[in-house]
2 protein chains.
Amino acid sequence: MTVSSESPRVVVRSIPDDGRVRAVVAAITPQVDGGRFPIKRTVGEPVVVEADVFADGHDALAVVLAHRPPGAPDWSERPMHPLGNDRWRGEFVPVELGRHEYAVVAWVDRFMTWRQDFEKRVAAGQDVSVDLRVGAGLIVEAAARASDPDAGELRRFATRLEGSAAASDRAELALGTDLPELMATHPDRRFASRGEPELAVIVEPERARFSTWYELFPRSASPDPARHGTLRDVIDRLGYVGRLGFDVLYLPPIHPIGRTFRKGPNNIELAAPGDPGVPWAIGGTEGGHTAIHQELGTIDDFRELVAAADRHGIQVALDLAFQASPDHPFVEEHRDWFRSRPDGTIQYAENPPKKYQDIYPFDFESDDWAGLWAALLEVVRFWIGNGVRIFRVDNPHTKPFRFWDWLIAEVRRDDPDVLFLAEAFTRPKVMYRLAKGGFSQSYTYFTWRTTKDELMSYFTELTRTDVREFFRPNVWPNTPDILHEVLQHGGRPAFQSRFILAATLAASYGIYGPAFELGEHVPREPGSEEYLDSEKYHQRTWDLDHPDSLAPLIGRLNRIRREHPALQSNDGLTFHATDDDQVLAYSKTSRDRSDTILAVVSLDPVNVRTATVELDLEALGIEPGGAFEAVDLLGDKVNLWHGARNRIRLDPSALPGTVLQLRPGRRSEREFEYYL
Amino acid sequence: MTVSSESPRVVVRSIPDDGRVRAVVAAITPQVDGGRFPIKRTVGEPVVVEADVFADGHDALAVVLAHRPPGAPDWSERPMHPLGNDRWRGEFVPVELGRHEYAVVAWVDRFMTWRQDFEKRVAAGQDVSVDLRVGAGLIVEAAARASDPDAGELRRFATRLEGSAAASDRAELALGTDLPELMATHPDRRFASRGEPELAVIVEPERARFSTWYELFPRSASPDPARHGTLRDVIDRLGYVGRLGFDVLYLPPIHPIGRTFRKGPNNIELAAPGDPGVPWAIGGTEGGHTAIHQELGTIDDFRELVAAADRHGIQVALDLAFQASPDHPFVEEHRDWFRSRPDGTIQYAENPPKKYQDIYPFDFESDDWAGLWAALLEVVRFWIGNGVRIFRVDNPHTKPFRFWDWLIAEVRRDDPDVLFLAEAFTRPKVMYRLAKGGFSQSYTYFTWRTTKDELMSYFTELTRTDVREFFRPNVWPNTPDILHEVLQHGGRPAFQSRFILAATLAASYGIYGPAFELGEHVPREPGSEEYLDSEKYHQRTWDLDHPDSLAPLIGRLNRIRREHPALQSNDGLTFHATDDDQVLAYSKTSRDRSDTILAVVSLDPVNVRTATVELDLEALGIEPGGAFEAVDLLGDKVNLWHGARNRIRLDPSALPGTVLQLRPGRRSEREFEYYL
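Everything in this summary refers to the structure shown in the same document. (Residues numbered from 1 in each chain as written. Chains lettered and ligands numbered in written order. Predicted model: local features only at pLDDT ≥ 70, side-chain atom pairs only at ≥ 80, totals over all residues. Heavy atoms only, no water.)

Scanning chain A for helices and strands turns up 17 helices and 30 strands. Dimensions of chain A, computed from C-alpha atoms along their principal axes, come out at roughly 105 × 80 × 50 Å. In chain A, the share of contacts with a sequence separation of at least 24, taken over all contacts with a separation of at least 6, comes to 75%. Summed over all atoms, the accessible surface of chain A reaches about 26,900 Å², with 49% contributed by carbon and sulfur. In chain A, the 79 positive side-chain charges and the 103 negative ones have mean positions that sit 2 Å from each other. (Helix = DSSP H or I, 4+ residues; strand = E, 2+ residues; numbered from the N terminus. Contact = heavy atoms within 4.5 Å. Areas by Shrake-Rupley, 256 points an atom, 1.4 Å probe, with all protein chains shown as cover. Lys, Arg positive; Asp, Glu negative; His and termini not counted. Charge placed at Lys NZ, Arg CZ, Asp CG, Glu CD.)

Listed below in structure tokens is the structure:
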């Protein structure tokens, strides 16, 4: 019996309209949260895409990586290649800033399926005369999709395959390379499958990946202790910052500082007259987030600073601290942007029982939240209009994620070269969410990761997991808020060690200076991470020429960073075993593998450490038996090393770390002996 | 200066309409491919859901797990609880068959935020009079969302909080438990966030999770070698199958067998007159997939078989082999469902250079693919109409995934108790994709996983990774297509060992009998996995009463499976270390932890093995110091074990495996010594 004659016909519901789409595209990498957020790259960094692609049965597949730059109407395609186990890989290199899209597209390739079967039939000596006609039919179909001259050529192929020549000659024609190439140009993609969801990559300037930050308080830039520093003083400081090798100069807020509940030195409850106050208590009668503190100078001074910095290869980064002092103009003009209390006062910042009466947070649950968002975007646009291309965002984790998602996307649409650094020292998932939402770089836990295990596991998480696709670490050994006890107690070797770690573990790092290079290390009180006489509440003067300054080391290592592509990305980071739990060893290798840097750093600021480093030669691409040079870039010595195990001596009274360039097989061993 | 006065107003684009939604819901588990496919459970099995949930700042969150059964208009909700690190967990227990939905919903809880801050203020001895008014305001808002009596009670709370009683008394009221409970009943969910995408769980009968399969060829069920077996012979065999403890009886195709190019015994090219042919070459002039092979009986016989099996607690599983012999009625009626060749013939099955001329595959790229789909669904519905609730699907990986997705969803919508077993022995991603698309159970690589490492790594993948959410393994030591060399050469101990592994590693397993229990082990030729004189081409007669039959062992272990919930799920599988690479040890523990089974199985069919098992006591929930019983369920001996390390002797001449129930602390040690 058959269905049609014997079983009652039931209405078939919901037959899809794409029942002949047979290829599956799944598990595409990279992607973030199932495509909810874009991945990140910088200009020229390849996007290597993999996907599971397969179909039912054993038919041949065609798989391409489709991509298009921002605003482009059409997609470009690159072939993808099988890696085995139904995994495919392809790549493209974005060269424009902004949001690029990419997708994996696959279809069953009937011609290549026919051809692979045909080849087996021929090899088995079967009669292939009918199969030649099947192939010719597929070619005629392709000709109908093509236009001349391809169409004509395809038709000629078909005619010859069906012709009267010897079957073996026709088989040879079918198995040649010309035909498949021509056929691949005119594929039958009616039933192509496109991976879901559509994926995107935000492409940013190189500085998003590789940057070297210096933070200073303009009010302390005056060479004269009696005078408040100015933006013009900062201009004078640019030569110093440039000689040290920094390419981002980050300034804490430069806006008017509130007077109501102003904090005094060392954060005492109330300021005395003349105390300068906290730059993050933004806003006075003179203005708010788009005004400049009168003692610092004018908007023209600021524009000159930006221009002068540019001549030094330095970009000025401004602080976006979205909160107000009680004297901020918004408090009068937009009282509904703050939370009112039943007694008619405005809710100041609190972390009960602590009170921060000098700061009013914005109320993002205000009925006029959209007006608040728009005003804050205007602040950013104002500074972009005045030449700023980098913003360090203060405490972004205390404002809604959707606000940042939106603000950064709005800015990026017009100005895709603008970068945002998230200063969120909070729970890991919150920090990662901010990064997913668009921040170009993020502060990290590095400041508190001081043991070997902590550093290895944290940097493995940051550079070897999916985190690398959306979170770009910017690591700081100190900030105006964090003087870690390692620096309080470890002396000069601790500063050196933490500096070398920051500058070589991460492609982006920063220091808060001149406190850092001058070894400022006294806390406000024992157990505190606050600086004594912190510049947050004080104007300070610094002796940049102090003989103990770390400036020479900093300048040299920053030059090494510029010269070595290996240090300009986090992708090539590999940890190597050492036999000393106070000695950390790791290498970085450039994408093209032409540049390899090995850093070995002691975490012990007191004792000489002599450790054996067991190099992962395979990861380094070094032959197990061969010799290779290890060039001491901080000391100019050249060592010849053999094999994986090498001893390193680190003396904290000299320098507790070494940065070596490994040059496998560059010089023959014999030559080298002579050289030594 | 302020934004409004000094910067040109730029039109702000695309402000979202939900800017006050602050909670983030992400990384929900379980989910398959970002929610593209449902997870699977059986009735009564809890769905434990976790998610990352957090918001900006430090406000309190309310998080619920929403779920609804198939067709229900409304969602039920269960609270979720924080696990730390912004991870939350909740669960629900589905009790209806079909597709349930679930979602995680979260919002900032302003009242609980207020309350947690309030508590700190009170503890710090601060003046809280204004804070009490803030709290009262939130309560009045809740009252507006409530109706009486709650509304009235809330208003009374508010009045008392704002009242003239001592602040300490009012604070006590605010910090009591009654108020938060009432407030939680009337939350402000205007800005709630709902995790995306919506997720689903397919809930199936318990047999989807826990089933014991027996495959037999009806044509060999005749006690008389001279007579073709019938469905009525199968009815007579039900007592035997039931005594062995099986609850699914799977029959290879029972339809008319094609005559054109029919295969002969041992798969020789052409059958002699009288050769019965291959049951998978479906269709003759008598009918196709909805007809019954005349020598087997009638549709009435089949209905009687289903009913009789039901009385034995057995469900009959039919084979869905969607292909046709050249004599199938579809070939005449729906020639467009097959692929035509230029010479006018129909394309038979091939794996070049091999040809299977007795079988025509359906062409799922046919222009009338939708008609083909509909007809095949009708086949399934026909057999459902005749009492079938389980289908074993032959080679599903040679038909489009979308076809199965659709067919199974269609069937399940009307008959959510119908199960499908995928017989796809192919690449892993293809097998997993079929399972994701809806198959209730899947054949596995178990048949070829014979070493300790292979078994451990494969079952770890199946039971300890996300695979468990969509892929239910059904493991077979043999099938009519696969006589593994371990069984060819290992004798009775190999059959015992492979049987114990199958029946205790997996909640669902099957054997192809009576070949299995009677130790059938001769291949068609050396190196082949085909049986000599395979029933695929032969009618056979079996001596079920043979003294060497494994039936007693099978019956006993299947009874143990029914008595021990630990063996009815794969969730509680843990491997334990042994000092012998031929001895595998693993335990299974029931969800409520009341039942623990330890299996120790030797893979060596020749030598006695004495191995030390190092139990993972923590996984078993056994105190390190204590004694516990190990009851030998296949041998009735009771051992008293102390601590993790225990020696086990396995003698292949007796039984190369042992199945022990572990009963921690059930009897005091002293008592036990006496008992011994």
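Superposing chain B onto chain A takes a rotation of 180 degrees combined with a translation of 0.0 Å along the rotation axis, leaving an RMSD of 0.1 Å. What we have between these two chains is a two-fold relation. Across chain B, the rotation axis passes nearest the C-alpha of Gly 34 of chain B, at a separation of 2.9 Å. In this assembly, 99% of the residues forming the interface of chain B have copies in chain A that are likewise at the interface, indicating an isologous arrangement. (Least-squares fit on C-alpha atoms with pLDDT ≥ 70 in both.)

Residues and elements named next belong to chain B. Mapping Pro 416 onto the fold places it in the loop between helix H11 (401-414) and strand S19 (419-423). We classify Pro 416 as partly exposed; its relative accessible area is 21%. In this structure, the C-alpha to C-alpha distance between Pro 416 and Arg 389, residues 27 residues apart in sequence, is 9.6 Å. Residues within four places of Pro 416 in sequence aside, it is in contact with Leu 97, Gly 98, Val 203 and Pro 205. (Buried < 20%, exposed > 50% of the residue type's maximum accessible area, 1.4 Å probe, protein only.)

Considering all chains together, one arrives at 100 salt bridges over all chains under this definition. Arg 22 of chain A serves as the salt-bridge partner of Glu 365 of chain B, at 2.9 Å between the closest nitrogen and oxygen. Taken as a pair, Glu 365 of chain B in the loop between strand S17 (360-361) and helix H10 (369-385) and Arg 22 of chain A in the loop between helix H1 (3-6) and strand S1 (24-29) lie in two separate chains rather than in one. For Glu 365 of chain B, a relative accessible area of 13% gives the class buried. Judged by relative accessible area, which is 8%, Arg 22 of chain A ranks as buried. A salt bridge links Glu 410 of chain A to Arg 413 of chain A; its shortest N-O distance comes to 2.4 Å. Residue Glu 410 of chain A and its partner Arg 413 of chain A are both found in helix H11 (residues 401-414); the two are separated by 3 residues, about one turn of the helix. Given the relative accessible area of 1%, Glu 410 of chain A is considered buried. Each of Arg 22, Asp 56, Asp 59 and Arg 110 of chain A together with Arg 339, Asp 363 and Glu 365 of chain B takes part in a single network of salt bridges with overlapping partners. (Salt bridge = Lys/Arg side-chain N within 4 Å of Asp/Glu carboxyl O.)

Taken as a whole, this structure holds 84 aromatic pairs over all chains when the rule is applied. Measuring from ring centre to ring centre gives 4.8 Å for Trp 114 of chain A and Phe 118 of chain A, while their planes differ by 25 degrees; the resulting arrangement is stacked. Taken together, the positions of Trp 114 of chain A and Phe 118 of chain A, both in helix H2 (residues 110-123) and 4 residues apart, correspond to about one turn of that helix. Its relative accessible area of 7% is what places Trp 114 of chain A among the buried residues. Phe 118 of chain A sits in the buried class, given a relative accessible area of 0%. Residues Phe 391 of chain A and Phe 420 of chain A carry aromatic rings whose centres are separated by 5.7 Å and whose planes lie at 25 degrees to one another, so their mutual orientation is stacked. Separated by 29 residues along the polypeptide, Phe 391 of chain A in strand S18 (residues 390-394) and Phe 420 of chain A in strand S19 (residues 419-423) bring together distant segments of the chain. Classification of Phe 391 of chain A as buried rests on a relative accessible area of 0%. On the basis of relative accessible area, Phe 420 of chain A is assigned to the buried category, the value being 1%. An aromatic cluster is built from Phe 322, Phe 364, Trp 369, Trp 373, Phe 391, Phe 403, Trp 404, Trp 406, Phe 420 and Phe 439 of chain A, whose rings are joined through pairwise contacts. The aromatic ring of Trp 75 of chain B is capped on one face by Arg 194 of chain B, whose charged end is 4.4 Å from the ring centroid. (Phe/Tyr/Trp six-rings, centres within 6.5 Å; stacked < 30°, edge-to-face > 60°. Lys NZ or Arg CZ within 6 Å of the ring centre and 35° of its normal.)

Another aspect to go through is the interface of chain B and chain A. Counting residues at the interface gives 88 residues for chain B and 87 residues for chain A. Around 7,900 Å² of area is buried between chain B and chain A when both sides are counted, 54% of it from carbon and sulfur atoms. At the boundary of chain B with chain A, the tally comes to 16 salt bridges. Taken together, the links from chain B to chain A amount to 26 residue pairs in polar contact (both at pLDDT 80 or more). For the side of chain B that touches chain A, the leading source of residues is H10 of chain B, giving 11 residues. (Buried area = accessible area lost by both parts, 1.4 Å probe. Polar contact = N/O pair within 3.5 Å; in protein donor to acceptor, adjacent residues only side chain to side chain.)

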